[in-house]
Amino acid sequence: MYVCVCNGIREKDIRRAVLEDGARTPLDVFRACGATPQCRMCVPDIRRLVEDVLAETVALGQVCALARPEAPALPAAEVARKAS
Ligand code: FES
């Protein structure tokens with residue numbers, strides 16, 4: 001699903017930007033996607049998706065830590081790769 005129509009940024013692009021490129025803000029997402037903000041109508045949606053992905057990553061990390069308390073925490077990119 002396209003989130004930013006002006007730049008053709010999809011939900012999966014935002015997820016990748018957060019998990020692989022460390023994006024934490026909508027501007028980070030634009031940079032990671034090689035795009036620049038145009039109308040900015042998508043910024044609230046991008047912000048919400050970044051927060052959702054980060055929350056999912058934290059929750060998954062907590063589940064992994066509970067399942068294997070002796071195992072070290074996985075980097076976010078590794079967690080995403082295992083989840084897909
Ligand atoms: S919809 Fe994203 S900049 Fe216009």
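What you see is a predicted model, and the numbers here were worked out from it, not measured in a lab. (Residues numbered from 1 in each chain as written. Predicted model: local features only at pLDDT ≥ 70, side-chain atom pairs only at ≥ 80, totals over all residues.)

## Remarks on unusual backbone geometry
Keep this limit in mind: Strands here are runs of E lasting at least two residues and helices are runs of H or I lasting at least four, both read from the DSSP assignment and numbered beginning at the N terminus.
Positive phi outside glycine occurs at Arg 40, with the angle close to 70°. Tracing the backbone shows Arg 40 in the loop between helix H2 (26–32) and helix H3 (43–67).

## A look at the environment of Ile 9
Where we set the bar: With C-beta atoms placed from the backbone, a residue is buried if 20 or more other C-beta atoms are within 10 Å of its own, exposed if 12 or fewer are, and partly exposed between those counts. We call two residues in contact when the distance between their C-beta atoms, placed using the backbone, is within 7 Å.
Examined against the element boundaries, Ile 9 turns out to sit in strand E2 (residues 9–10). Under the C-beta neighbour-count criterion, Ile 9 is labelled buried, with 23 such atoms within 10 Å. Each C-alpha atom, one on Ile 9 and one on Phe 30, is 8.4 Å from the other, the two residues being 21 residues apart in sequence. Excluding residues that lie within four positions of it along the chain, Ile 9 makes contacts with Val 3, Cys 4, Ile 14, Cys 33 and Ala 35.

## Points about the packing of helix H1 (residues 11–21) against H3
How two helices pack is summed up by the angle between their axes together with the distance between the axes. Under the convention used in this document: Fitted lines through C-alpha atoms serve as axes, helices being fitted only where they are in contact, and the angles separating the N-to-C directions of these axes extend from 0 to 180 degrees. For this classification, under 35 degrees means roughly parallel, over 145 means roughly antiparallel, 65 to 115 means roughly perpendicular, and everything else is oblique. Left-handed describes a crossing whose near helix is turned anticlockwise from the far helix through less than a right angle; right-handed describes the clockwise counterpart. Ten residue types, Ala, Val, Leu, Ile, Met, Phe, Trp, Tyr, Cys and Pro, are classed as nonpolar, four, Asp, Glu, Lys and Arg, as charged, and the remainder, Gly among them, as polar.
Where H1 contacts H3, the axes come no closer than 10 Å and their chain directions differ by 55°. Compared by their axis directions, H1 and H3 come out oblique. For the pair H1 and H3, the sense of crossing is right-handed. Of the residues in H3, those in contact with Glu 11, Ile 14, Arg 15, Val 18 and Leu 19 of H1 are Ile 46, Leu 49, Val 50, Val 53, Leu 54 and Thr 57. Of the residues that constitute the contact of H1 with H3, the class distribution is 8 nonpolar, 1 polar and 2 charged.

## Focus: the environment of Val 29
Topologically, Val 29 is positioned in helix H2. Measuring from C-alpha to C-alpha, the distance between Val 29 and Ile 9 comes to 9.1 Å, with 20 residues separating the pair along the chain. Not counting residues within four places of it along the chain, the set of residues in contact with Val 29 comprises Ile 14, Ala 17, Ala 23, Ile 46 and Val 50.

## Quick notes on H1
Within the sequence span of H1, burial applies to Asp 13, Ile 14, Arg 15, Ala 17, Val 18 and Leu 19. Two residues or fewer after H1 comes Gly 22, characterised by a positive phi angle close to 75°.

## With respect to the nonpolar core
The criterion, for reference: For our purposes the nonpolar core covers buried Ala, Val, Leu, Ile, Met, Phe, Trp, Tyr and Cys residues that link as a set through C-beta atoms within 7 Å.
Val 3, Ile 14, Val 18, Val 29, Ile 46 and Val 50 are the most contacted members of the largest nonpolar core, which has 16 residues in total. Of all the elements in the fold, those that place two or more residues in this core are strand E1 (2–4), H1, H2 and H3. Excluding anything up to four places from it in sequence, Val 50 contacts Ile 14, Val 18, Ala 23, Arg 24 and Val 29.

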